[in-house]
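Observations on the model geometry
So you can see what is in the structure, the chains are spelled out below.
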Amino acid sequence: LGALHADMAAETTDELIDSLERNPDALLCLASMGQPAPYAYAHGVNVAILLAAFALEAGLERASVMAHGLAGLFHDLGKAMLPLPMLNARRKLSLTEHKLVRLHPMLAHEFLSTTPGVGEEAVRAALEHHERHDGSGYPRGLSGDEISEIGQLAGMADTYDALSSRRPFKGPVDPHKTLGLMYRMRNNAFEPLLLEKFVRLLGVYPV
C-alpha cells in the first residue's frame, strides 16, 4: 500500500456530504442499491455515506460529519494489504485465510495511526468495526462501552452494506431484510439504542 492522500479523500467526503445535504434520500437510496463498481471501492463509499448521514441526522457540526465520512471511507483499508485473489475468492476461505482476513483492522490501525491528516475517528473505526457489543468480535474482543461510538456505528454500517451488496461469493439481501436481521442481533452484536437510531435513519423500507 502506497501513500494515502488524506486531502483527496477529504475532498471526496466533502462532496458526499454536500450531496447528502441537498438530497439525503437519493444518496441513501444509491447506497442501498448495490452499485456496479468493484465491491471494495463501493463498500467504502457506501459506509462513508451511511456514517455521514447519521452524523447529519444527529445535528453534528460539519467537522464531525466530515470525520464520520472519512471514518467510513477508510474503515476497511486494511484489506488493501491482503492478497487480492483471496479477497475475491468465490469459495469458502480456508482457516489460514480466514485468520489473515481478521488481521485487517490491526493493519489499518497501524497504517492510519501514522498517516498525516487522518483523524482519531477514522483510526478507531478501522480498528473497532468488527468488535461486537457482547464481546464476541475481533481483533481485541471489546464489549459495551469499551467500543467507541464511531467504532460501533462503523460496525453497523459495514454489516448493513456487506449484507445488502452483491459480493464475489454471495448475492445481496434485500435492504429491509438486512435491517430486520440486524435488529434481531441487538444486545448481542450491536448496542440496542444506537442500532435503533441507525434503523430509523434508513427506515424499515429504505427509499
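1. Things to note about the side chain of His130
Tracing the chain through its elements places His130 in the loop between helix 8 (120-128) and helix 9 (149-164). The exposure class of His130 is buried, given its relative accessible area of 14%. A distance of 3.4 Å separates the side chain of His130 from the side chain of His104, its partner in a polar contact. His130 has contacts with His104, Pro105, Gly137, Tyr138 and Asp158, leaving out every residue within four places of it along the chain.

2. Let's talk about the confidence of the model for the protein chain
Here the protein chain averages 85 in pLDDT, and 86% of its residues register 70 or above. Put simply, helix 2 (residues 24-33) is where the protein chain has its lowest mean pLDDT, 57, and helix 8 is where it has its highest, 96.

3. Focus: the environment of Pro83
Its location among the elements puts Pro83 in the loop between helix 4 (62-74) and helix 5 (84-87). Given the relative accessible area of 44%, Pro83 is considered partly exposed. Considering only alpha carbons, one finds Pro83 and Leu100, 17 residues apart in sequence, at a separation of 9.4 Å.

Conventions used here
Residues numbered from 1 in each chain as written. Predicted model: local features only at pLDDT ≥ 70, side-chain atom pairs only at ≥ 80, totals over all residues. Heavy atoms only, no water. Helix = DSSP H or I, 4+ residues; strand = E, 2+ residues; numbered from the N terminus. Buried < 20%, exposed > 50% of the residue type's maximum accessible area, 1.4 Å probe, protein only. Polar contact = N/O pair within 3.5 Å; in protein donor to acceptor, adjacent residues only side chain to side chain. Contact = heavy atoms within 4.5 Å. pLDDT = per-residue confidence, 0-100.

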